[in-house]
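So you can see what is in the structure, the chains are spelled out below.
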Amino acid sequence: MRYGESGAKFADHRAILFTHFHADHVADLDAILNSGGFANRAAPLPIAGPSGDELYPGIKDHLTALFDEHTGAFRYLSGYLDGNFGLPMLEPTEIDVAIETLQPIIQERDLKVSAITVHHGGVPALAYLVETGEKSVIFAGDQSFLSEKFVQVFQDFKPDILIMHNVIPEGDGQPRGLHRWPGSIGEVAAAIKPKNLVLAHNMKRALSHQAEGETAIRNYYSGPLQVADDLDCFAL
Ligand SMILES: [Zn+2]
């Protein structure tokens, strides 16, 4: 519903990027591709995600589970895997999460996309850097304070926007092995120095302590800060 309200058009997409395969981060793919079947898009669509393990499929296994022509849950959309039925082919890139350096995914004249492994509990997970012209956006994804390489790689990077996930409040008793607490978000922003820090994935337990959380962020980071809401747009 929000996808439609945002004015997003399937034909316009240059890529689909998955950070990880927790259900709340991927569950809309089949619905978006279903509507994409009416978009008259011919161009292939790059799609990227992390490699898998025993508990989480990689991007390729995930697509097979959804769209394989014999076994896929949505096998009527199998044309996304082979180009049949007038559907555009998905071109998957599976990023090996064992590699800790920044890995290029798309390198075109006006668009560069790279991924880097982050720590998100035991979940294979990525952050993304998207660059277009002189502008850049870092999607930090779900990540814990153990994502040290992420901070090292983007130290002083000064992206136009750094999007970080605001999931847990400050204080004990929170799943700190999965998510950064506000003070940790502040430390990351202070190191990366974005022109704008945008808090997304705002969960109720964080928002219910938002003033306290922003104070904790401000202990480290003094630049622009915005809390995203559905359908917000942030100009580059
Ligand atoms: Zn997650």
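Placed above this text is the structure.
Note that the coordinates shown come from a computational prediction; the quantities given were computed from them, not determined experimentally. (Residues numbered from 1 in each chain as written. Predicted model: local features only at pLDDT ≥ 70, side-chain atom pairs only at ≥ 80, totals over all residues. Heavy atoms only, no water.)

Enquirer: Requested: an account of helix H4 (residues 59-67), with residues and values cited.
Expert: Residues Ile-59, His-62, Leu-63, Leu-66 and Phe-67 constitute the buried set of H4. Buried residues of H4, seen end-on, are gathered within an arc of 100° and therefore sit on one face of the element. Looking at the buried residues of H4, the elements they touch are helix H2 (23-26), helix H3 (29-36), strand E2 (45-50), helix H5 (79-82) and strand E3 (90-95). (Buried < 20%, exposed > 50% of the residue type's maximum accessible area, 1.4 Å probe, protein only. Helix = DSSP H or I, 4+ residues; strand = E, 2+ residues; numbered from the N terminus. Arc of directions from axis to C-beta. Contact = heavy atoms within 4.5 Å.)

Enquirer: Just give me the short version of the packing of aromatic side chains, but keep the residues and values in it.
Expert: Evaluation of the coordinates by the stated rule reveals six aromatic pairs. Here the aromatic rings of Phe-67 and Tyr-80 are separated by 6.2 Å at their centres, their planes lie at 50°, and the arrangement is tilted. With Phe-67 in helix H4 and Tyr-80 in helix H5, this pair connects stretches of sequence that are 13 residues apart. With a relative accessible area of 0%, Phe-67 lands in the buried category. Judged by centre distance (5.3 Å) and plane angle (50°), the rings of Phe-145 and Trp-181 are tilted. With Phe-145 in the loop between strand E7 (135-139) and helix H6 (148-153) and Trp-181 in the loop between strand E8 (161-165) and helix H7 (182-192), the pair connects residues that are 36 residues apart, well separated along the chain. (Phe/Tyr/Trp six-rings, centres within 6.5 Å; stacked < 30°, edge-to-face > 60°.)

Enquirer: Please provide a residue-by-residue account of the pattern of salt bridges, values included.
Expert: Across all of its chains, the model carries eight salt bridges by this definition. Put simply, Asp-160 and Lys-135 hold a salt bridge, and the shortest N to O gap is 3.9 Å. Of this pair, Asp-160 sits in the loop between H6 and E8 while Lys-135 sits in strand E7, and the two are 25 residues apart along the sequence. Classification of Lys-135 by relative accessible area gives partly exposed; the value is 34%. As a salt-bridge pair, Asp-156 and Lys-193 come within 2.6 Å of each other at their nearest N and O atoms. Note that Asp-156 is positioned in the loop between H6 and E8 and Lys-193 in the loop between H7 and strand E9 (197-200), a separation of 37 residues in sequence. On the accessibility criterion, Asp-156 (38% relative accessible area) is partly exposed. Exposure remark for Lys-193: the relative accessible area of 36% places this residue in the partly exposed category. Shared partners join several salt bridges into a network, and the residues in it are Arg-2, Glu-5 and Asp-230. (Salt bridge = Lys/Arg side-chain N within 4 Å of Asp/Glu carboxyl O.)

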